[in-house]
Amino acid sequence: MTTPASGPVTLTPRQVTRRRRALAARRTWASFRSHRSGLFGLALLSFFILVALLAPVLADGEGLEVTKATGGVLESPGSGGFLLGTDENGRSIVTLLIWGSRISLFVGLLATLIAMVIGTLVGLASGFFEGWPARVLYRFTEWFLVIPFVPLAIVLATVLGRSLLNIVIVIGITGWASTAMLIRSQTLSIRERPFVERARVLGAGRWHQMSRHVLPNVMPMVFANTTLTVALAILAETTLSFLGLGDPTRVSWGTMLDDAFSVGAMTTGAWWYIIPPGVCVVLVVLAFTLVGQALEEVFNPRLKGR
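Keep in mind that what you see is a predicted model, and the values were worked out from it rather than measured.

Reading guide: rules and limits
Along each chain, the written sequence defines residue order, and numbers are assigned to residues from 1. Whole-chain, interface and lining totals are the exception, using all residues; otherwise, since this is a predicted model, local features are given only for residues with pLDDT of at least 70 and side-chain atom pairs are given and counted only at 80 or more. Note that the side-chain values use all heavy atoms of the structure and ignore hydrogens as well as water. Helix and strand definitions follow DSSP, with helices as H or I runs of at least four residues and strands as E runs of at least two, each counted in order from the N terminus. Here's how the labels work: a residue is buried when its accessible area is under 20% of the maximum for its type, exposed when over 50%, partly exposed in between, all with a 1.4 Å probe on protein chains only. Any pair of residues with heavy atoms lying within 4.5 Å of one another is described as a contacting pair. Here the accessible surface of atoms and residues is derived via Shrake-Rupley with a 1.4 Å probe, and residues count as covered only by protein chains that are part of the display. Here the positive residues are Lys and Arg and the negative ones are Asp and Glu; neither His nor the chain ends is included. All charge positions are set by atom: Lys at NZ, Arg at CZ, Asp at CG, Glu at CD. Contacts described as polar in this section are N or O atom pairs within 3.5 Å, which, within protein, must combine one atom able to donate a hydrogen with one able to accept it, while residues neighboring in sequence count only if both atoms come from side chains. Cavities and pockets were defined on a 1 Å grid built from protein atoms only: a cavity is a group of points that admits a 1.4 Å probe but offers it no way out, a pocket is an open group of points flanked by protein on both sides within 12 Å along at least five of seven lines, and a lining residue is one with an atom within 4 Å of any such point. Grid points are joined across faces, edges and corners, and a volume is the space filled by probe spheres set on the points. Each residue gets one label: Ala, Val, Leu, Ile, Met, Phe, Trp, Tyr, Cys and Pro are nonpolar, Asp, Glu, Lys and Arg are charged, and the others, such as Gly, are polar.

Regarding the overall build of the protein
Reasoning step 1: Scanning the protein for helices and strands turns up 13 helices and 2 strands.
Reasoning step 2: Dimensions along the principal axes, computed over C-alpha positions, put the protein at roughly 75 × 60 × 35 Å.
Reasoning step 3: The burial tally for the protein puts 42% of its 306 residues in the buried class.
Reasoning step 4: Sequence separation of at least 24 residues holds for 69% of the intrachain contacts in the protein that already meet a minimum separation of 6.
Reasoning step 5: Taken as a whole, the protein presents about 16,600 Å² of accessible surface, with 66% of it coming from carbon and sulfur.
Reasoning step 6: Both charge centroids of the protein, one from 26 positive and one from 16 negative side chains, sit 21 Å from each other.

This is the structure:
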């Protein structure tokens with residue numbers, strides 16, 4: 001690199017790496033912008049994240065307390081100044097939706113983080129190493145894949161107890177297997193590529209090969225799969241809460257559906273207690289799915305022709 005005044009400028013390896021990463025990020029964003037569905041999902045997701053972050057500003061937290069509810073029992077939308085009506089305790093549905101977004105997104109993101117860490121580590125180890133430890137990890141992952149999720153999650157949630165942290169743990173430790181299989185297949189492919197072979201011939205150890213060559217090349221796929229896994233985690237939290245296994249002291253979209261079912265909202269015609277949280281779950285899952293599919297195509301050009 002040269003400038004007219006000072007002549008050649010030497011960049012340090014760290015500066016070169018930063019510039020390459022910045023250029024790669026710009027290219028990724030430019031490619032992502034070409035996916036209209038991905039941009040729509042990103043905008044929708046940003047809206048829900050902002051609602052969750054600004055919950056204390058948008059709705060008074062005291063509105064969640066049953067003793068401070070000011071509405072009547074299952075008032076219809078528009079009655080008493082409540083935009084979407086009230087629940088069986090007289091609490092505003094809007095307030096429950098806004099504060100419930102925090103729990104649903106928190107559980108989804110944290111459970112996904114646990115699943116991604118476990119799945120990435122198991123996938124890397126079973127794909128990169130050889131011998132009986134790798135085979136054991138692979139068979140263990142297959143065993144986890146064939147176990148039905150709902151029965152396993154119900155058993156774990158029942159044993160651990162009803163709490164927010166336990167729900168996160170249950171979803172995290174039951175959702176890592178598909179990620180492990182994906183990362184394993186990517187690792188098996190990258191392990192045989194020329195640059196890894198060259199590093200091996202030059203004397204690089206296994207840790208160096210895996211951390212410097214294999215892991216950076218599988219991370220884009222991990223990142224893309226994360227957005228898809230978050231959607232599944234939010235659905236799992238909704239399912240467990242609907243089955244009465246969620247945290248009874250926290251309000252989430254899943255607990256709203258469970259409470260609505262318990263008071264017979266369907267039979268009494270209180271649609272405003274069921275449809276809004278259900279629509280929110282669908283929209284958030286759709287947003288994460290659209291973003292995940294767009295990222296898959298960005299990081300894996302072979303999928304563009306699907």
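The structure having been displayed, the exposition proceeds.
What to know about the side chain of Thr112
Reasoning step 1: With respect to the helices, strands and loops of the structure, Thr112 is situated in helix 4 (residues 93–128).
Reasoning step 2: A polar contact of 2.6 Å, which involves the side chain of Thr112, links it to the backbone oxygen of Gly108.
Reasoning step 3: When neighbours within four sequence positions are excluded, Thr112 is seen to be in contact with Thr226, Thr229, Val230 and Ala233.

As for the layout of surface pockets
Reasoning step 1: Here the largest pocket defines a volume of roughly 620 Å³.
Reasoning step 2: Lining the largest pocket are 13 residues, and of these Thr17, Arg20, Arg21, Ala24 and Pro216 lie nearest its centre.
Reasoning step 3: Taken together, the residues that form the lining of the largest pocket break down as 8 nonpolar, 2 polar and 3 charged.
Reasoning step 4: Considering only enclosed or pocket space, the second largest pocket measures out at about 380 Å³ in volume.
Reasoning step 5: What lines the second largest pocket is a set of 22 residues, and nearest its centre among them are Phe149, Thr174, Gly175, Ser178 and Leu232.
Reasoning step 6: Breaking the lining of the second largest pocket down by element, the ones donating at least two residues are helix 4, helix 5 (132–146), helix 6 (149–160), helix 7 (164–174), helix 8 (177–191) and helix 10 (206–242).
Reasoning step 7: Element by element, the count of residues in the lining of the second largest pocket is highest for helix 10, at 6 residues.
Reasoning step 8: Grouping the amino acids of the lining of the second largest pocket by side-chain chemistry returns 15 nonpolar, 7 polar and no charged.

Points about empty space enclosed by the protein
Reasoning step 1: Under the defined criterion, the tally for this structure stands at 1 cavity of 30 Å³ or more.
Reasoning step 2: Empty space within the largest cavity amounts to approximately 40 Å³.
Reasoning step 3: Together, Ile103, Leu164, Ile167, Glu237, Ser241, Gly246, Asp247, Arg250, Ser252 and Thr255 line the largest cavity.
Reasoning step 4: Put simply, the parts of the chain that give the lining of the largest cavity at least two residues each are helix 7 and helix 10.

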